[in-house]
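What follows is each chain in one-letter form.
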Amino acid sequence: QVQLVESGGGLVQPGGSLRLSCAASGSAFRLDAMAWYRQAPGKQRELVAGISSGGSTNYADSVKGRFTISRDNAKKSVYLQMNSLKPEDTAVYYCNANARRLLTSTYLEVWGQGTLVTVSS
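A.B. asks: Mind laying out the packing of aromatic side chains, listing which residues take part and the relevant values?
C.D. replies: A complete count under the given rule lists 1 aromatic pair for this structure. Between the NZ or CZ atom of R19 and the centre of the ring of Y79, over which it lies, the distance is 4.2 Å.

A.B. asks: Give a description of unusual backbone geometry that names residues and reports values.
C.D. replies: In the Ramachandran plot, A28 falls in the positive-phi region, its phi being about 60° despite a non-glycine side chain. Structurally, A28 is set in the loop between β3 (18-26) and β4 (29-39). On the basis of relative accessible area, A28 is assigned to the partly exposed category, the value being 38%. A positive phi angle, close to 50°, is found at K76, a residue other than glycine. Classification of K76 as partly exposed rests on a relative accessible area of 31%.

A.B. asks: Can you break down the nonpolar core residue by residue, with the values?
C.D. replies: Core analysis: the biggest nonpolar cluster contains 31 residues, and W36, L80 and Y93 have the highest contact counts within it. Of all the secondary-structure elements, those providing two or more residues to this core are β1 (2-7), β3, β4, β5 (46-51), β7 (67-72), β8 (77-82), β9 (91-101) and β11 (115-119). Among the elements that line this core, the one with the most residues is β9, at 5 residues. Those residues in contact with L80, other than ones at most four positions away along the chain, are L18, R19, L20, W36, V48, A49, F67, T68, I69 and Y93.

A.B. asks: Just give me the short version of the side chain of R100, but keep the residues and values in it.
C.D. replies: Its location among the elements puts R100 in strand β9. Within the buried set, R100 has no salt-bridge partner at all; the shortest N-O distance to an opposite charge, 4.9 Å, is to D32. Residues within four places of R100 in sequence aside, it is in contact with A28, F29, R30, D32, S105, T106 and Y107.

A.B. asks: Please give an account of the state of the cysteines that cites residues and values.
C.D. replies: Evaluation of the coordinates by the stated rule reveals 1 disulfide. The residue that forms a disulfide with C22 is C95, at a sulfur-sulfur distance of 2.1 Å. Negative torsions about the S-S bond denote left-handed disulfides, and the value of about -85° found for C22 with C95 makes this one left-handed. Of this pair, C22 sits in strand β3 while C95 is found in strand β9, placing the two residues 73 residues apart along the sequence. Relative accessible area serves as the criterion here: at 1%, C22 is assigned to the buried category. Relative accessible area serves as the criterion here: at 0%, C95 is assigned to the buried category.

Basis of the calculations
Residues numbered from 1 in each chain as written. Predicted model: local features only at pLDDT ≥ 70, side-chain atom pairs only at ≥ 80, totals over all residues. Heavy atoms only, no water. Phe/Tyr/Trp six-rings, centres within 6.5 Å; stacked < 30°, edge-to-face > 60°. Lys NZ or Arg CZ within 6 Å of the ring centre and 35° of its normal. Helix = DSSP H or I, 4+ residues; strand = E, 2+ residues; numbered from the N terminus. Buried < 20%, exposed > 50% of the residue type's maximum accessible area, 1.4 Å probe, protein only. Core = buried A, V, L, I, M, F, W, Y, C linked by side-chain atoms within 4.5 Å. Contact = heavy atoms within 4.5 Å. Lys, Arg positive; Asp, Glu negative; His and termini not counted. Salt bridge = Lys/Arg side-chain N within 4 Å of Asp/Glu carboxyl O. Disulfide = S-S within 2.5 Å.

Structural data, given as structure tokens:
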């Protein structure tokens, strides 16, 4: 069993910063790639940033230069540092992880519950 717990969402003003955290819990699993997605009102869920087990990252064009994804394997956590926030960044942000069950060597995709980020003055 793998669970993701997110934190860090809230209300910020345009130009402000916010740091989202996502911690995985459970036993007998290994985390592979992790990512952050978001879904704005009336829009489809989109990939914001991803990070591989080796640390390679990729970002949506809309957040390049402003957001930074990172991970702490010891803490089984992934983070999203969000700077220079814009109103269009307003969305529910979801943590995503691919986990491998050690005993069966099978993969499981896990989603967090989502955390709301509102960028408004």
